[in-house]
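# Close look at the chain arrangement
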Amino acid sequence: MVLLGIALGFSAFCFFGAVIGEVILHKGEAGLFPGLVVGIWAAWPCFHAWLVERKHFLHPQPREYEIPAKFAFAKIRDFLAEISYNFGDKWRVVTADTQSGRITANLTFTDEVVRCEADAKGQIHTRKERVQRFITLDALVADTGRGTTSVKLDFTAKADGSNLFACDSIISNCQKSISAQLGGAKQADSPAPVSKLSAPPWWLLIISAVALITFYFDIVKGVS
């Protein structure tokens, strides 16, 4: 979705920038700023859809399991205490409140990435570098009152470097593993609520207004 947004935005920028600059205003550089604004408008719905999808991934809908709440709570707590990654990185359970059914755990680990750098002679060299990753899990376990247990998982992820999705595989595996530990969901994730395209951000409206004003004065200047 992000790549589609970038492609649409770049295409719109090139096309409308050329039309406004060369065809309408007969001044190539005059079309750069309006073309950029049009490109942002073209890309924004894709980025908005990606943000919504990202939110549903980190904060999935609650699931129901045919298991008593106290057993579900213990299984999740024990799973987080026992699982390890990268030969020893483990979850640290910060909160395990049986009264509220809330479990909070943190996972800190490091990844090794390869970076490419150019030296003074222009030659490309690679070097390995270790980067930090951090995940927080908030789990809420509650008795539904109809013989099932509701489990709500919320994740927060932070990653050094340019890979914004470095923690996704662990988050996805954690969700699947917890579901398997609880015997599989009686009720799978309910469909995520359809998110309508929200109002555009204020900064986009401002630069759009500036682009229109600039375009208007460029037309007036060209006519006069």
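Here is a short report on the structure shown in this document. In this text the structure is predicted, and so the values were computed from the model without any measurement.

### Re the sheet that holds strand β6 (residues 149-159)
In space, the 6 strands of this open sheet follow the order β1-β6-β5-β4-β3-β2, with antiparallel pairing throughout. Because the sheet does not close on itself, it has two edges, and the strands there are β1 (63-65) and β2 (84-85). Taken together, the 11 bridges between strand β5 (residues 124-143) and β6 define a ladder with antiparallel strand orientation. Paired with Leu 137 across the bridge in β6 is Phe 155.

### As for the side chain of Glu 64
For Glu 64, the position within the fold is in strand β1. Looking at Glu 64, its side chain comes within polar contact range of the side chain of Arg 146, at 2.2 Å.

### Considering the pairing of β5
Looking down a regular strand, the side chains alternate between one sheet face and the other. Direction of pairing for strand β4 (residues 102-118) relative to β5: antiparallel, over a ladder of 17 bridges. Residue pairing for β5: Thr 104 is matched across the bridge by Asp 138. Linking two consecutive strands that pair antiparallel, namely β5 and β6, is a turn of 5 residues; a positive phi of about 85° is found at Gly 145 within it.

### Concerning a nonpolar patch on the surface
A cluster of nonpolar side chains, Phe 33, Leu 36, Trp 202, Trp 203, Ile 206 and Val 210, forms an exposed patch at the surface whose accessible area comes to about 610 Å². Of all the elements in the fold, those that place two or more residues in the nonpolar patch are α2 (32-58) and α5 (202-223). Examined against the element boundaries, Trp 203 turns out to sit in helix α5.

### A word on the environment of Glu 22
Inspection of the secondary structure puts Glu 22 in helix α1 (residues 2-24). Placed 150 residues apart in sequence, Glu 22 and Ser 172 show a C-alpha to C-alpha distance of 49 Å. Each residue touching Glu 22, except ones within four places of it in the same chain, is listed here: Gly 17 and Gly 28.

Criteria and thresholds
- Residues numbered from 1 in each chain as written.
- Predicted model: local features only at pLDDT ≥ 70, side-chain atom pairs only at ≥ 80, totals over all residues.
- Heavy atoms only, no water.
- Pairing = 2+ DSSP bridges.
- Helix = DSSP H or I, 4+ residues; strand = E, 2+ residues; numbered from the N terminus.
- Polar contact = N/O pair within 3.5 Å; in protein donor to acceptor, adjacent residues only side chain to side chain.
- Patch = residues over 30% accessible without salt bridge, like charges linked within 9 Å, V, L, I, M, F, W, Y side chains within 5 Å.
- Areas by Shrake-Rupley, 256 points an atom, 1.4 Å probe, with all protein chains shown as cover.
- Salt bridge = Lys/Arg side-chain N within 4 Å of Asp/Glu carboxyl O.
- Contact = heavy atoms within 4.5 Å.

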